[in-house]
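# Examining the three-dimensional arrangement
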Amino acid sequence: MAALAGLRVLSCGSGGRLTSRAASWLLPRTPPAAQVKVGVNGCGHGERYYSSAEKGEDELRVRYLEGDDQGIVVLGINRPQAKNAISKSLVKSMMKMIDSLKGNNKVRTVVLRSEVPGVFCAGADLKERAKMHPSEVGPFVTKARALMNEFANLPMPTIAALDGVALGGGLEMALACDIIVAASSTKMGLVETKLAIIPGAGGTQRLPRAVGVALAKELIFSARVLDGNEAKSLGLVSHVVEQNDAGDAAFKRAVALAREFTPQGPIALRMAKLAINQGIEVDLATGLAIEEACYAQIIPTKDRIEGLLAFKEKRPPRYKGE
């Protein structure tokens, strides 16, 4: 049981419960106030609308979809002058936004994309890095690694939409998401060894978990760059799509995928993600105990009763995340 405590699971019996940190994911938090609506075409059936929020975060555009897509949040990286390279300010902006999303039970899925055509994220901001004193580099990489961990630990499903280059820290950011969708023309790879360094924001750990140890070693040792189809064949990405004239084919596919998640019970999705993420790191017996503890969180919810009633009454369920 001590091992389970380290995994934020306190009890694994029929009354299993999660720690306050995990349980806090289920607590409601008021999302940022909606601002001016902007019509967005091409996201599927009919016109979609975004409501902009967090106006001050120019490097990170945050949009809450509305109408049929309510519950989907789009995070758009927007540093065109630096090919979306990861800077101190971008890390700060993303950490701030992730913190606001953690406890918001109205958020069903987060889609991470680029607002800059042709590039998802080119990796670390090397111009900024070159100006750092050697004593500053370690702490910055630690913060970048913490950012990826926080993104990976978001309780709701996350999807990375790669419509352009994703190198180094850019691919590490995508690997921190639950699902990666890529355009076939996308170029991606962990190329740090070309600069005589190693992936430092989770790449050495998440890539082997995605494609296997031997292949991850080969890709990192060679600093190889893959296109979308090659990445799909290796299991690095879940979906690959042909790029369109607008350059947002992966984003469109990611939103379509998020729509498949929206009708499902939001607490169930969060508990499923928690059970999978924690269970995959331990032996089967411990993983089953984690699953039991997560299931126990769902039993007293109103959503579970609503699901049963909807099935009995042969109607779509109306889940509220309660």
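Residues numbered from 1 in each chain as written. Predicted model: local features only at pLDDT ≥ 70, side-chain atom pairs only at ≥ 80, totals over all residues. Heavy atoms only, no water.

Taking an unreviewed UniProt entry as the reference, the chain is identified by name as Methylglutaconyl-CoA hydratase, mitochondrial isoform X2 belonging to Xenopus laevis. Looking at the chain in UniProt, the text filed under Subcellular location (unreviewed entry) is "Mitochondrion". For the record of the chain, the UniProt heading Sequence similarities (unreviewed entry) holds the text "Belongs to the enoyl-CoA hydratase/isomerase family." (UniProt positions renumbered as here; feature names shortened; annotations may be inferred.)

## Overview of helix α8 (residues 213–222)
Within the span of α8, buried status applies to Ala216, Leu219 and Ile220. With its buried residues spanning 95 degrees around the axis, α8 presents them on a single face. Opposite the buried face of α8, by more than 90 degrees, sit the exposed residues Ala214 and Phe221. Looking at the buried positions of α8, the neighbouring elements they touch are α7 (203–211), β13 (226–227) and α9 (228–234). (Buried < 20%, exposed > 50% of the residue type's maximum accessible area, 1.4 Å probe, protein only. Helix = DSSP H or I, 4+ residues; strand = E, 2+ residues; numbered from the N terminus. Arc of directions from axis to C-beta. Contact = heavy atoms within 4.5 Å.)

## Concerning the pairing of strand β5 (residues 60–65)
Of all six residues making up β5, five are buried, and the element is well covered by its neighbours. Pairing geometry for β5 and strand β6 (residues 72–77), over five bridges, is antiparallel. When the sheet's bridge partners are listed, Tyr64 is paired in β6 with Val73. Hairpin geometry of β5 and β6 is characterised by an intervening segment of six residues between the two adjacent antiparallel strands and by a positive phi of about 65 degrees at Gly67. (Pairing = 2+ DSSP bridges.)

## Quick word on the pairing of strand β9 (residues 158–162)
Among the five residues of β9, five are classified as buried, and the element is accordingly described as predominantly covered. By the alternation rule, side chains of β9 split into Thr158, Ala160 and Leu162 and Ile159 and Ala161, which are all buried. Inspection of the sheet shows strand β7 (residues 109–114) paired to β9 by three bridges, in the parallel sense. The partner of Leu112 across the bridge, within β9, is Ala160. One ladder, built from four bridges, connects β9 with strand β11 (residues 179–183); its direction is parallel. When the sheet's bridge partners are listed, Ile159 is paired in β11 with Ile179.

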